[in-house]
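Each chain, written out:
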Amino acid sequence: MTEGKLFTEEDALLLEEIILNRRDIRGNHFIDKQLSDKSLDRLMKAAVSAPSVGFSQPWEFVVIKDNAIKQQIKESFEIAHLKETTFFKDEKQQAYVQLKMEGILESPVNIAVFYKPSPEPVLGQTNLKETGIYSVVCAIQNMWLTARALNIGMCWVSILNEENVKKILNAPAENQLIAYLCVGYVDKFLAQPELEALKWEKRKENVIFFNQYK
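Residues numbered from 1 in each chain as written. Predicted model: local features only at pLDDT ≥ 70, side-chain atom pairs only at ≥ 80, totals over all residues. Heavy atoms only, no water.

Among the secondary structure elements, Pro121 is positioned in the loop between β2 (109-115) and α5 (131-149). For Pro121, a relative accessible area of 71% puts it in the exposed group. Remark: the alpha-carbon pair of Pro121 and Gly54, spanning 67 residues in sequence, is separated by 9.8 Å. (Helix = DSSP H or I, 4+ residues; strand = E, 2+ residues; numbered from the N terminus. Buried < 20%, exposed > 50% of the residue type's maximum accessible area, 1.4 Å probe, protein only.)

This part is about unusual backbone geometry. Of note, the phi angle at Gln57 is positive, near 45 degrees, even though the residue is not glycine. Mapping Gln57 onto the fold places it in the loop between α2 (37-48) and β1 (59-64). For Gln57, a relative accessible area of 37% translates into the label partly exposed. Backbone geometry at Asn170 places phi at a positive 60 degrees, although glycine is not the residue there. Relative to the assigned elements, Asn170 resides in the loop between α6 (162-169) and β4 (176-184).

Relative orientation of the contacting elements helix α3 (residues 67-85) and α6 amounts to 165 degrees, with a least axis distance of 10 Å. Here α3 is positioned roughly antiparallel relative to α6, judged by the angle of their axes. Considering the relative orientation of α3 and α6, their crossing is right-handed. Every residue of α6 that contacts α3 at Ile69, Gln72, Ile73 and Ser76 is listed here: Asn164, Val165, Ile168 and Leu169. Its residues assigned to classes, the contact of α3 with α6 comprises 5 nonpolar, 3 polar and no charged. (Axes fitted to C-alpha atoms, helices over the stretch in contact; angles between N-to-C directions. Parallel < 35°, antiparallel > 145°, perpendicular 65-115°, else oblique. Left-handed = near helix turned anticlockwise from the far one by under 90°. Contact = heavy atoms within 4.5 Å. Nonpolar A, V, L, I, M, F, W, Y, C, P; charged D, E, K, R; others polar.)

In short, geometric facts, not functional conclusions.
The structure is reproduced here in structure tokens:
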């Protein structure tokens, strides 16, 4: 078995810079520029190269360019978005209504990411079954960092009804929707996460512990 590649400190610093500059892009920042097949292939290659518990590779992807399908997803979003508004009160609710939460129609490519459970026992998943889902999330993170390295924007739309999306995409019953992503070129990348800049939430501190919680 051949040895893997070793990287330099400069490589590590570049990766750190990409991580720190990754952003969730809202629909008002996507521009009218098509995503090349080559770029899309690079994103998908990054996704399927992610780590997966038991080398299970439990992911499936639906790449959506059809505007009619996007419109159906958008309508599903609108219903879920209206419902979520009721969870916030007063100033928080007013701020929520003003936020642009997705870019379904604005982005040239949407990607639905699914977890496909195995019918057989999976090495490493017999106790913590959720690690299959976590493996899919690793694939999403790979895509996101690769997109940022290519100066391509990505938005994770989490305000959706899973069953509606599955029906629209004709997804198998056993598949679980993990993410719905909007992908495309943008007018700019913000210097800091938008919700942090808008003071929706503060960056958390004191989240790292050693040996055990104290």
